[in-house]
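Below are the chains, spelled out letter by letter.
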Amino acid sequence: MKLMNCPLNGPRNISEFVYGGEVRPMPNQATCSDKEWADYVFYSDNNIRIVKEWWFHSPSGYWFIAERHTASDEIVKTYDSSELFSERVEFNAPDDQPAPVLQTEGLK
Amino acid sequence: MTALNNDFNLSAASHLRRSVVEVEQQVSPNAGVTISNHTVKARIGFRGKGAIAFLREQGVTIPEKPNQATFSGGFAVLRLSFTEIWLLDIESDSNETFEPKQKSKSEYIAALESAAKNSPDVYRLFCQHSHALFSFNERDKGTLANLFAKICGVDLRESVFPSGSIAQTSVARVNAVVFKQVISEKTERYYLLSDISSSEYLWDALVDAAGEF
Amino acid sequence: MSINNRLSAPKGLFINRDKTVKFEFEGIEHEGFEGDTIASALIANDQWLMSRSFKYHRPRGPLTMAGQDANTLVQLPSEPNVLADRTPLSNQLKVQGQNYNGSLENDKDEKLGLAGRFMPVGFYYRSFYKPKGVWDKWEPFIRKKAGLGTADLTFDPIHKDTDQYYDKAYLFHDVAVIGAGPAGLAAALKAADAGASVLLVDENPILGGALSYHRFDVEGVKAATLRNKLVSRIEEHENVQILTNATCNGWFTDNYLPVIQGTRMYKVRAKQCVVASGAFEQHVVFRNNDVPGVVMSSAAMRLMSQYAIKPAQRAVVLTGNDDGYLCALELAENGVTVPMLIDMRAQADDLILIEAVKSKGIAIQNNATVYEAIPSSDKRHLAAVDVRGIVGKGAVAEGGVTIPCDMLCMSAGYMPVYQLLCQAGAKLSYDDMSSRFSLTNLVDGLHIAGSVNGVHELELVVKDGEYAASKALIALGLEDNNHNTATQVLCTKQTNFDWPIFKHPKGKDFVDFDEDLQAKDIVNATRLGYRDVQLVKRFSTVGMGPSQGRHSALPTARLVADATNRTVTETGVTTARPPFVPEKLANIAGRIFSPQKRTPMHKRHLELGAHMIPAGIWRRPAFYGDPKNRDKIIQQESQQVRNGVGMIDVSTLGGLEIRGTDAAEFMNRIYTFAFLKQPVGKTRYAVLTNEQGVVIDDGVSCRIADDHYYVTATTSGVDAVYREMTKWNAQWRLDVDITNVTSAFAAVNVAGPIARNVMNKVCNDVDFSNESFPYLAYREGTIEGIPVRLMRVGFVGELGYEIHMPALFGEFLWDLLMVAGEEFGMQPFGVETQRLLRLEKGHIIVSQDTDGMSHPGELSLDWAISRKKPFFVGRKSVDIVMARKQTRKLVGFKLPPSAIKPKEGHIVLENDRDPTCAITGNITSSEYSSTIGANIGMAFVGIDQQDVGNTFPIRVDNGAVVMAEVVKLPFYDANNDRQEV
């Protein structure tokens, strides 16, 4: 079984961790197109390279970042998520977002 | 807004606590291992930016790094992350009391819980009720390391896991916090905290694993 | 047993001559010594025939004496397919042959061999695929013929009172050394001396590997001397843990090594691993090379050195290297007549060796081979060999000489035991010019030493072991790269003869003994177009038997290369996968861990006769009573709640504490509803969507203080919800603490028109009047000094209170409430009853009434979505999918009680006329309701089937179609008159 080095707990069996997906910037919902949003939600690049991923150490409830090579599966490094996310994130009011028309209601 | 009676004390009614595991102690067939159940004893946890400062103010010595434990006065102080500390009433080797001013360990924990309520950035945790606490004593050194090797994927031998070490890991496929106290050159003592709801399952698995010792 | 058959000490390293062991083989009693394997004891009793071959039922005896072939598979009383040359003898052991029709000696299926030409390679694939159905007729017959042994169906792998207890344990070491031959011993010793903790694993009962049987010099003293020196030091070394009779059965990432020793599987974690697994001696392909008495040279030497057995009276040696000469010396010195040593090479290099052999009166025949082994008239043993001159690659001269003998020892060369290394991604290459193998591309932390590394000269083998250890020590930081003394070695000793394959027109020249595959079978596979060695394997089954290509891989690669005009390197060998040796299911299925969660009231449910069912990892009462009366009990329990008062254990409900100055902001971002202005002391329904806009969980949010929420989640969903919450906040960095308190709280729901009476009786510091504690309010109070959280919720559609209590009080409060409720006739009810009650009320259960595509619009949850806030997880997706044309809708439906009750999962059809019409949805919930007097349920239906009053077809079991009517939800108490009282 593969080992992963948890920044808080040290090397552990990979079975102690839960994968949390690739670290990807979320497009601004208020301004992005539906296609850009769909791209963010549904598509992944799936390239051979080192990717940044979210991993969760289940026994300690700790999220961190791992950099992993998608072909060799080598985990290059792991670190606390604060190294990537240190600023408080705000969402602004969607002034330019039109209220969606609900088809369900329209049909009734 | 309606104000609520905000006096929800987790350390209340200590005399009414019941452990799901009803056994208090189990000695393995060849008397190599004794497993004890401390689930109803007092404990409390705190987390948050202000947790460490608050506990230091209360006179608690905090381990320097995460995943380290200290022992004094029949209590174990566990540092589980940079900002998370648990205090546990563990079995005591002598009759010493933690604080002469306190009547009992239970009252000490209750007093800490009350004191924390008005401290900024201190969040009381729920380990009194969310976790079971078991301890393990061995007759001969190394037995417990071998016992845990049957149920846990972390090397707990003294050379790499000395007294005061904490492993937040998986034991018999449930999440657990394992920590160690070296009692003497001849024996070690292990403690295990795990989810109360799977504690009966885990107790049975532990007793089974101890069967050969 | 004839003692005279045994050689004198020091021969017989494995056996204890002081202890005689009695056993039975095929009903006949024999004797052996402690330390004997079944096979060695049988050979000591002149019983060479041990099994029948898989396909042709040919008589077979030991080939390797090391468990590397399938020729010694026997049946024990409770275990089939036991390797007789691996399994130690035990007193009164009853051993039977297997895979025969009649008896081992007289197998009626032996004639199958005569029909061999009618069973060509790929026979099964090519013969039984048409006409359609023919396989069904043949299968039972073929299975009976092909089956090996009889399994003990009463076997219990965790029988505590016996030693039959299969389990697993971790072992942690700095260095694991696999194989305790000279290379492994040297590596282990060097690593241990440097301070590393070392695990030494060997499949034999004693350490030494080849040192315990092989002869390395003319005088025959080197092996024992070196073995004594290394083993005595290793055995007393405090840094070394030794596992003998143990097999490393695979290599997994980061040196995770399963090592099986008897009933225990060790899961070894080694920082560094040295594989010194040795090499498998290879056979020569010629006609009848499977006749008992035809063995590897190493097998003959094992018989002599390890078991003190004189293996034959007259033995011929057939070799392609110098090791055959050493074998001939060993045989001669132990009283075996060796009339001839046949060397396939034109000339041996070592003149001293040649002279030594000649001095024993052994004739050396160069440039020759055995063309055919001639069995005795009863076909049970070797009687003579037909020796021919070699005139070309695989070609022999017309005439030859016949030499009577009862043993033939073969030394065609060695194949590295590459399995573990190739599992780790190493590349096996073969040099067609020198016939040498090499293993390259080793991963970090994995090292290789000894004959597996192509090093065969004893002194160099030891040095190679030390070199491997040195590399491991440098990686561990225990040795300085600049000051290490070990250096890489280069061994030029030639051990492999390049073409030890001599096809015979009449066949039975076996490449694979397990599967009875002859040279022509492999060649024919290539002629049928299977050029790739992997395809040859799958078509011919070569290498698929128990020995997994240990002997067949190399001749197969050579034959395929030759037939396809390629090199062996180009052809390659088939992939080696774990396990290395056959693994008992008991080793995997013995003691396993199946965690189970129980609520604090679990024992009470059992006492009350609850029928417990799994709910994820939890156990919950489905209802209280005999499952035979399920339907009746559920209606009774539901009427109890509708007309009186009932209590259900809802401790499994997820619970999350959200605290901090940003608690409200956080709730607002996570859940779809608006939470900023949720009043303290009030609850609010909370729906969670994921980024795709799919509803993934729901719960009730209680605002305890401005900066404190307690929110419930579904039993199965809470862990994922907690992960999502903490992951989001790792990005948002809000000032909020998120705690999963699911296990910290036990909870019950006291529900029914007279629930308030029970509450008033037990809790004195809360006013339970409707004015003071209205529907959807949240309060805190105490019961007997125990703090409780109280919510007035309406999941089951009656006046009801959820009481959340710290878990250690769960059982106490359950008891207290049961006693308090007695005078009001309160009864417990189970989760299946609760499902019916909430269905009557039209409440969905996320993951039962929703699936991986369900967005809020389909579930009519539009009301629970706030569009006045800038963000919630999944908002953009919800907006997009809800703006598109909808395709389905979750609706309530009803059928008359006389109609067939649809089951959850039954499909909804577009219409009831056309059997090929589209599927528009499915049933998500369905139950008979005595309150409504009808079969009711919820279903996804097509968007144009959703109107109230519309009927839609459901295909139920056996293809029958029933019509259901769409009903407005809820089925029961549409105005909430019953819960808001």
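Above this text is the structure in question.
The rules behind each value
- Residues numbered from 1 in each chain as written.
- Chains lettered and ligands numbered in written order.
- Predicted model: local features only at pLDDT ≥ 70, side-chain atom pairs only at ≥ 80, totals over all residues.
- Heavy atoms only, no water.
- Helix = DSSP H or I, 4+ residues; strand = E, 2+ residues; numbered from the N terminus.
- Core = buried A, V, L, I, M, F, W, Y, C linked by side-chain atoms within 4.5 Å.
- Buried < 20%, exposed > 50% of the residue type's maximum accessible area, 1.4 Å probe, protein only.
- Axes fitted to C-alpha atoms, helices over the stretch in contact; angles between N-to-C directions.
- Parallel < 35°, antiparallel > 145°, perpendicular 65-115°, else oblique.
- Left-handed = near helix turned anticlockwise from the far one by under 90°.
- Contact = heavy atoms within 4.5 Å.
- Nonpolar A, V, L, I, M, F, W, Y, C, P; charged D, E, K, R; others polar.
- Buried area = accessible area lost by both parts, 1.4 Å probe.
- Salt bridge = Lys/Arg side-chain N within 4 Å of Asp/Glu carboxyl O.
- Polar contact = N/O pair within 3.5 Å; in protein donor to acceptor, adjacent residues only side chain to side chain.

A few points about the environment of N958 of chain C
Topologically, N958 of chain C is positioned in the loop between β46 (951-955) and β47 (961-967). Linking N958 of chain C and I43 of chain C, residues 915 residues apart in sequence, is a C-alpha distance of 63 Å.

A short note on the nonpolar core
I38, F286, L331, V385 and L408 of chain C are the most contacted members of the largest nonpolar core, which totals 87 residues. Listed in part, the 39 residues of the second largest apolar core include A663, L688, M725 and A730 of chain C.

Examining the packing of helix α4 (residues 182-193) of chain C against helix α10 (residues 458-476) of chain C
All names here are of chain C. At their nearest, the axes of α4 and α10 sit 7 Å apart, and the two run at 40° to each other. One element, α4, and the other, α10, form an angle in the oblique class. Our pair here, α4 against α10, has a crossing hand that is right-handed. Within the contact between the two elements, α4 uses P182, A183, A186, A187, K190 and A191 and α10 uses L458, V461, V462, G465, E466, A469, S470 and L473.

Thoughts on the packing of helix α7 (residues 323-333) of chain C against helix α8 (residues 351-359) of chain C
Residue and element names in this part refer to chain C. Put simply, α7 and α8 touch, their axes get as near as 10 Å, and they point 30° apart. With respect to α8, the element α7 is oriented roughly parallel. Viewed along their axes, α7 and α8 form a crossing whose handedness is left-handed. In contact with Y325, L326 and L329 of α7, α8 contributes L353, I354, A356 and V357. Tallied by class, residues from the contact of α7 with α8 come to seven nonpolar, no polar and no charged.

Remarks on the interface of chain C and chain A
The interface of chain C with chain A comprises 41 residues on the first partner and 40 residues on the second. Counting the surface lost from both chain C and chain A, the interface buries some 3500 Å², and carbon and sulfur atoms represent 56% of this. On the chain C side of the contact with chain A, K727, R733 and K876 of chain C bury the most area, a combined 18% of that side's loss. Taken together, chain C and chain A are joined by three salt bridges. In this assembly, chain C and chain A are joined by 16 residue pairs in polar contact (both at pLDDT 80 or more). Broken down by element, the residue count for the side of chain C that touches chain A peaks at eight residues, all from helix α19 (residues 718-732) of chain C.

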